[in-house]
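# Tertiary structure, described
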Amino acid sequence: MEEEIKLTCLHDKHLELGAQMSPFAGYDMPIQYKGIVEEHNAVRQEVGVFDVSHMGEVRVKGADAEKFVNHIFVNDVTGAPDGQIFYGMMCYENGGTVDDLLVYKVNDNEFFLVINASNIDKDVAWIIQNAEGFDVEIADESLYYGEVAVQGPKAEEVLMKLLGLPLNEIKFYNFKTFHIDDEDVIISRTGYTGEDGFEVYGSHDFTRRLWDKLIQADVQPCGLGCRDTLRFEVGLPLYGDELTADITPLEASLSMFVKLDKPEFVGKDALAAQKAEGVKRRIVGLELDGNAIPRHGYPVEVDGEQVGEITTGYRSISTGKSVAMAMINKPYDKLGTKVEVRVRKKTFPATVVKKRFYDKSYKK
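Residues numbered from 1 in each chain as written. Predicted model: local features only at pLDDT ≥ 70, side-chain atom pairs only at ≥ 80, totals over all residues. Heavy atoms only, no water.

### Digging into the overall build of the protein
Formally: Numbering of helices and strands starts at the N terminus; helices are DSSP runs of H or I of at least 4 residues and strands are runs of E of at least 2. Atoms counted for the radius of gyration: C-alpha only. Globule rule: 2.2 Å times residue count to the power 0.38. Note on classification: 1.4 Å probe, protein chains only; a residue is buried when its accessible area is under 20% of the maximum for its type, exposed when over 50%, partly exposed between these limits. Contacts are assigned to residue pairs that have any heavy atoms within 4.5 Å of one another. We get accessible surface area from the Shrake-Rupley algorithm with a probe of 1.4 Å; when it comes to residues, only the shown protein chains can shield them. When charges are tallied, Lys and Arg are placed among the positive residues and Asp and Glu among the negative ones, while His and the ends of the chain are skipped. In this description, the location of a charge corresponds to atom NZ of lysine, CZ of arginine, CG of aspartate or CD of glutamate.
Scanning the protein from terminus to terminus reveals eight helices and 19 strands. Relative to the compact-globule value of 21 Å for 364 residues, the protein shows a C-alpha radius of gyration of 21 Å, a close match. Taking the principal axes of its C-alpha atoms as reference, the protein extends roughly 65 × 50 × 50 Å. A burial count over the protein gives 57% of its 364 residues as buried. Within the protein, residue pairs in contact and separated by at least 24 positions form 66% of the contacts whose partners lie at least 6 positions apart. With an accessible surface of roughly 16100 Å², the protein has 49% of that area assigned to carbon and sulfur atoms. On the protein, the mean spot of the 42 positive side-chain charges and the mean spot of the 60 negative ones are 8 Å from each other.

Here it is, written out as structure tokens:
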């Protein structure tokens, strides 16, 4: 039996705007409106809005909330100020990645977890399974929340004007809860584009009203097509490509988010052992000579032998170069190493480079 495709609370709005729709993570989602290049450039240069209502939200409350979040999360939330946000992963005992997520600290006894749409059911089951023995309540609030991401150098100016709120006071990777139209709305200074911006979580009705205001203010609606090109250019991973149950955070070159010096957490022993031995492969950047476009799954070779494969590849819109992220075996992961990417029957020379192809411009 085919699974029924889900719709976000903004689905009819996308159809009205003539968006090209496609299934993604079980939802019918907009891929593009005017076109990926135009939407990508709007976010890099001005401002764009994304429907990210498909993302999952899980609330953890209780006397052991901080202790429990630290138990399931590789980053360390100990003693953080209220309103701070952490990026990191949840891992299996073998170090493989359950998901990457954002953890919002509401207070010592309450945390708000934002997880990937494709992993909601799996993540929630895994979180509940690991909560045994902790004094916590876990609530999956994914069906309640709609979410929009307003991204780009003009995001603050536009959103402050529309909402009349002091969003300039919210620092990067922090959030505030505002009481608007008789409900609590969470606004965080986060995003997935490498630009300044905000993510706004509210009821479906609130999300629809905010979307309408943004569209009326001539903010460019953006689809998942440019969400991928934007995150890729600044080296941000996508679960399913750069992170999977078979890829650890260390192999994904995300060790800065893994705090091995904190007390136990799920997967710590495996990750500590992997760090001590050194990873045998890791995610790196590649820059190709010429115009060939590397795609997910294409082999990376040295002297005709496969030494890795592409996880994400594009002709970068912001730089005009053919670039990719790839999982490469050691010792071919060193900066400056020459490799070849197989595109069907031909191979194209490429060089290992940093996996950030374009500089992030967040507001500090």
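From this point on, the discussion continues.
### Observations regarding unusual backbone geometry
Here the amide bond leading from K330 into P331 is cis, since omega sits at 5°, within 30 degrees of zero. By secondary structure assignment, the location of P331 is in the loop between β17 (322-329) and β18 (338-343). Unlike most non-glycine residues, D182 shows phi in positive territory, near 65°. Inspection of the secondary structure assignment puts D182 in the loop between β10 (175-180) and β11 (183-188).

### Points about the sheet that holds strand β9 (residues 146-151)
Stated precisely, the cut-off is as follows: When DSSP locates at least two bridges between a pair of strands, those strands are taken to pair. Fitted lines through C-alpha atoms serve as axes, helices being fitted only where they are in contact, and the angles separating the N-to-C directions of these axes extend from 0 to 180 degrees.
Read across the open sheet, the six strands follow the order β10-β11-β12-β9-β3-β13; overall the sheet is mixed. Unpaired on one side and paired on the other, β10 and β13 (220-222) mark the two borders of the sheet. Averaged over all adjacent pairs, the angle separating strand axes in this sheet is 25°, with direction ignored. Bridge count between strand β3 (residues 48-51) and β9: four bridges; the pairing is antiparallel. Considered in β9, the bridge of D51 is made with V148. Packed on one face of the sheet, helix α5 (residues 155-163) meets β9, β11 and β12 (197-202) and runs near 35° to β12. Of the strands in this sheet, β3, β9, β10, β11, β12 and β13 touch helix α6 (residues 204-216), which is tilted by about 30° from β9.

### A short note on the nonpolar core
What counts, and what does not: We call a set of buried Ala, Val, Leu, Ile, Met, Phe, Trp, Tyr and Cys residues a nonpolar core when their side-chain atoms join them within 4.5 Å.
Membership of the largest hydrophobic core comes to 38 residues, with the highest contact counts inside it found for F50, M89 and Y104. When contributions to this core are tallied by element, the ones reaching two or more residues are β5 (85-91), β6 (97-107), β7 (110-115), α7 (224-233) and β17. Broken down by element, this core gets its largest block of residues, four residues, from β5. Not counting the four nearest positions on each side in its chain, Y104 is found in contact with Q84, I85, E110, F111, F112, V114, F175, I186, S188, T190, E199 and Y201. Among the nonpolar cores identified, the runner-up in size contains 26 residues, and V148, V150, F178 and V185 belong to it.

### Some thoughts on the side chain of H11
Checked against the element boundaries, H11 lands in helix α1 (residues 11-16). Apart from the residues within four sequence positions on either side, H11 is in contact with M21 and D28.

### Notes on the pairing of strand β16 (residues 305-315)
Inspection of the sheet shows strand β15 (residues 299-302) paired to β16 by four bridges, in the antiparallel sense. Paired with E301 across the bridge in β16 is Q306. Counted between consecutive antiparallel strands, the loop separating β15 from β16 contains two residues, among which D303 sits at a positive phi close to 50°. The antiparallel hairpin formed by β16 and β17 contains six residues in its connecting segment, where G320 sits at a positive phi of about 75°.

### Considerations on the packing of helix α2 (residues 36-45) against α7
Selection rule: Angular relationships are summarised with four words: roughly parallel below 35 degrees, roughly antiparallel beyond 145, roughly perpendicular across 65 to 115, and oblique for the angles in between. The crossing is said to be left-handed when, going from far helix to near helix, the turn is anticlockwise and less than a right angle, and right-handed when the turn is clockwise. As a working rule, the residues Ala, Val, Leu, Ile, Met, Phe, Trp, Tyr, Cys and Pro are called nonpolar, Asp, Glu, Lys and Arg charged, and the rest polar, with Gly in that last group.
Interhelical geometry of α2 versus α7 gives an angle of 50° and a closest axis separation of 8 Å. On the basis of the axis angle, α2 is oblique to α7. Along this stretch, α2 crosses α7, giving a crossing that reads as right-handed. Here I36, E39, H40, V43 and R44 of α2 lie close against α7, whose contacting residues are G225, C226, T229, L230 and E233. Residue classes in the contact of α2 with α7 are distributed as four nonpolar, three polar and three charged.

### Considering the environment of W211
For W211, the position within the fold is in helix α6. Its relative accessible area of 1% is what places W211 among the buried residues. C-alpha of W211 to C-alpha of P237: the two residues are 26 residues apart in sequence and 27 Å apart in space.

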